[in-house]
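# Coordinate analysis (summary)
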Amino acid sequence: MSDETASSPSPSPARKKENLGWMEWMRGWSSVFGEILFQRITASHLENPLPLPSVNDLTCVVTGSTSGIGRETARQLAEAGAHVVMAVRNTKAAQELILQWQNEWSGKGLPLNIEAMEIDLLSLDSVVRFADAWNARLGPLHVLINNAGMFAMGEAQKFSEDGYEQHMQVNHLAPALLSVLLLPSLIRGSPSRIINMHCVGFVDPDDMNVVSGRRKYSSLIGYSSSKLAQIMFSSILFKKLPLETGVSVLCLSPGVVLTNVARDLPRFLQALYAIIPYFIFSPQEGCRSSLFSATDPQIPEYWETLKNDDWPVCPFISQDCRPANPSEEAHNTETAQRVWEKTLELVGLPLDAVEKLIEGENIQCRYGAQHE
């Protein structure tokens, strides 16, 4: 892996930023459309499926692994020898998949080491219960892939049982809480990795639920804001984790992939998906950047290089499995710090939660068993 990085965009202005400028939106969307048109060309050097190194010693948690990219990621990691935990809301569907995969794998090697555990990202209580159950095993965790996400395109604004806009909770708040709470297991599994997803967008730390009226809500606003919040949170976590912990934090783009998200699209967009299959990755192709980020042996070295260079954002892997520079707004370090603080407040964690967990101390969360 090359450790070359693109030049950092200019620092953000001192005054509070309330939205992206039209030039920023144009640059962002041009990169998205460029990805759609050219992702097959830029990723043409990749094999499908992606060959994996030996992963017999890895334990991996993959959220949202009963469909789409997460399903392919979980299956391929398990077939390569990893212990895979399917962290899902529908454990019955996961168990059926596991049985199917075991039958298909029969005779090719040892039985797949794969299990299902329940987690509902629309409930922060559920996230805490999952983390408590996993940490109670006192075993290592080597890879956490926060794959699960939602994009309810065209739907009216909805809120979780915790009172948060659904995109923001599923795509950012719940994965952020899970990442922090699993740090004890990730440190035991060092060298380990936390892997998140990224998208172009804008996030207002003072209005993460998009209810103030300063911006008109749309599902696209909800989705893009939540994904940008995730990379901003990841960037601060990247800075806060000392090299000695051995826990790498990185974000990635899977490319434009035909997944279950398409069922939430208007019919004319679903038809568009159907007539341009050449440009859109299948889930097997879309999971390559996740698999690469989870298993490539040079990731920790790349992560260490960026930390030593005081790079302002966490490592970012593009859909062609190469290091890349995330969106311009992702470099807004002032907003990232405010997103970090607001996120910890919303998920009920103290501001020094990461520092305490690194020192082996216990922390209190507003959600979970105590909340119930």
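Below is a summary of the structure that appears in this document.

Parameters at a glance
Residues numbered from 1 in each chain as written. Predicted model: local features only at pLDDT ≥ 70, side-chain atom pairs only at ≥ 80, totals over all residues. Heavy atoms only, no water. Axes fitted to C-alpha atoms, helices over the stretch in contact; angles between N-to-C directions. Helix = DSSP H or I, 4+ residues; strand = E, 2+ residues; numbered from the N terminus. Parallel < 35°, antiparallel > 145°, perpendicular 65-115°, else oblique. Contact = heavy atoms within 4.5 Å. Nonpolar A, V, L, I, M, F, W, Y, C, P; charged D, E, K, R; others polar. Phe/Tyr/Trp six-rings, centres within 6.5 Å; stacked < 30°, edge-to-face > 60°. Buried < 20%, exposed > 50% of the residue type's maximum accessible area, 1.4 Å probe, protein only. Lys NZ or Arg CZ within 6 Å of the ring centre and 35° of its normal. Patch = residues over 30% accessible without salt bridge, like charges linked within 9 Å, V, L, I, M, F, W, Y side chains within 5 Å. Areas by Shrake-Rupley, 256 points an atom, 1.4 Å probe, with all protein chains shown as cover. Salt bridge = Lys/Arg side-chain N within 4 Å of Asp/Glu carboxyl O. Pairing = 2+ DSSP bridges. Right-handed = clockwise from strand over helix to strand, strands pointing away. Disulfide = S-S within 2.5 Å. Core = buried A, V, L, I, M, F, W, Y, C linked by side-chain atoms within 4.5 Å.

We now examine the packing of helix α7 (residues 219–240) against helix α12 (residues 333–346). Two elements in contact, α7 and α12, have axes separated by 8 Å at closest approach and are oriented at 90 degrees. Classified by the interaxial angle, the pair formed by α7 and α12 is roughly perpendicular. Every residue of α12 that contacts α7 at A229, M232, F233, I236, L237, K239 and K240 is listed here: T333, T335, A336, Q337, V339, W340, T343 and L344. Residue composition of the contact of α7 with α12, grouped by class: nine nonpolar, four polar and two charged.

Considering all chains together, one arrives at three aromatic pairs under this definition. Ring geometry for F151 against Y223: centres 4.4 Å apart, planes inclined by 20 degrees, an arrangement best described as stacked. Of this pair, F151 sits in the loop between β4 (143–145) and α5 (166–181) while Y223 sits in helix α7, and the two are 72 residues apart along the sequence. Judged by centre distance (4.4 Å) and plane angle (25 degrees), the ring pair of F233 and W340 falls under stacked. Highlighted residues: F233 in helix α7 and W340 in helix α12, separated in sequence by 107 residues. Comparing F233 with W340 shows no difference in burial state: the two are buried. Over the aromatic face of F281 sits the side chain of R288, whose NZ or CZ is 5.2 Å from the ring centroid. Over the ring of F238 we find K307, and its NZ or CZ is 5.1 Å from the ring centre.

Looking now at a nonpolar patch on the surface. Judged by side-chain polarity, L37, F38 and I41 come together as a nonpolar surface patch covering roughly 310 Å² of accessible area. The partly exposed category is assigned to F38, whose relative accessible area is 46%.

Our focus in this paragraph is the environment of P191. Tracing the backbone shows P191 in the loop between α6 (183–188) and β5 (192–197). P191 sits in the exposed class, given a relative accessible area of 59%. In this structure the C-alpha to C-alpha distance between P191 and V247, which are 56 residues apart in sequence, comes to 5.8 Å. Not counting residues up to four positions away in its chain, the partners in contact with P191 are H142 and G246.

With that out of the way, let us pick up unusual backbone geometry. Looking along the chain, the bond that leaves N48 and enters P49 is cis, with omega of 5 degrees. Within the fold, P49 resides in the loop between α1 (22–42) and β1 (59–63). Its identity is not glycine, yet L138 carries a phi of approximately 60 degrees, on the positive side. Here L138 shows up in the loop between α4 (124–135) and β4. Exposure remark for L138: the relative accessible area of 63% places this residue in the exposed category. At D310, a residue that is not glycine, the phi angle is positive and equals roughly 55 degrees.

Let us now look at the packing of α5 against α12. Two quantities define a packed helix pair, namely the angle between the axes and the distance from one axis to the other. Between α5 and α12, whose axes approach to 10 Å, the crossing angle comes to 80 degrees. Relative to α12, the element α5 lies roughly perpendicular. Facing H172, L173 and A176 of α5, the residues of α12 in contact are V339, T343 and L346. Looking at the contact of α5 with α12 residue by residue, the classes come out as four nonpolar, two polar and no charged.

Our next topic: the pairing of strand β3 (residues 114–118). Note that strand β2 (residues 83–88) and β3 share five bridges and pair parallel. If you follow A87 over to β3, its bridge partner there is M117. For the handedness criterion, the β-α-β arrangement of β2, helix α3 (residues 91–105) and β3 is classed as right-handed.

Counting across every chain of the model gives zero disulfides. Here C251 is not disulfide-linked; the sulfur of C314 is the nearest cysteine sulfur, at 3.6 Å. Relative accessible area serves as the criterion here: at 0%, C251 is assigned to the buried category.

Our focus in this paragraph is the nonpolar core. Counting residues in each nonpolar core, the largest one holds 105 residues, and the members touching the most others are V84, M86, F130, L177, L182 and L349. Considering every element that reaches this core, the biggest residue donor is α5, with nine residues.

Regular strands have side chains that alternate between both faces of the sheet. Judged by how many residues are buried, strand β6 (residues 247–252) sits mostly within the fold: six of six residues are covered. Bridging between β5 and β6 involves six bridges; their strand directions are parallel. Within the sheet, the bridge partner assigned to N196 lies in β6 and is C251.

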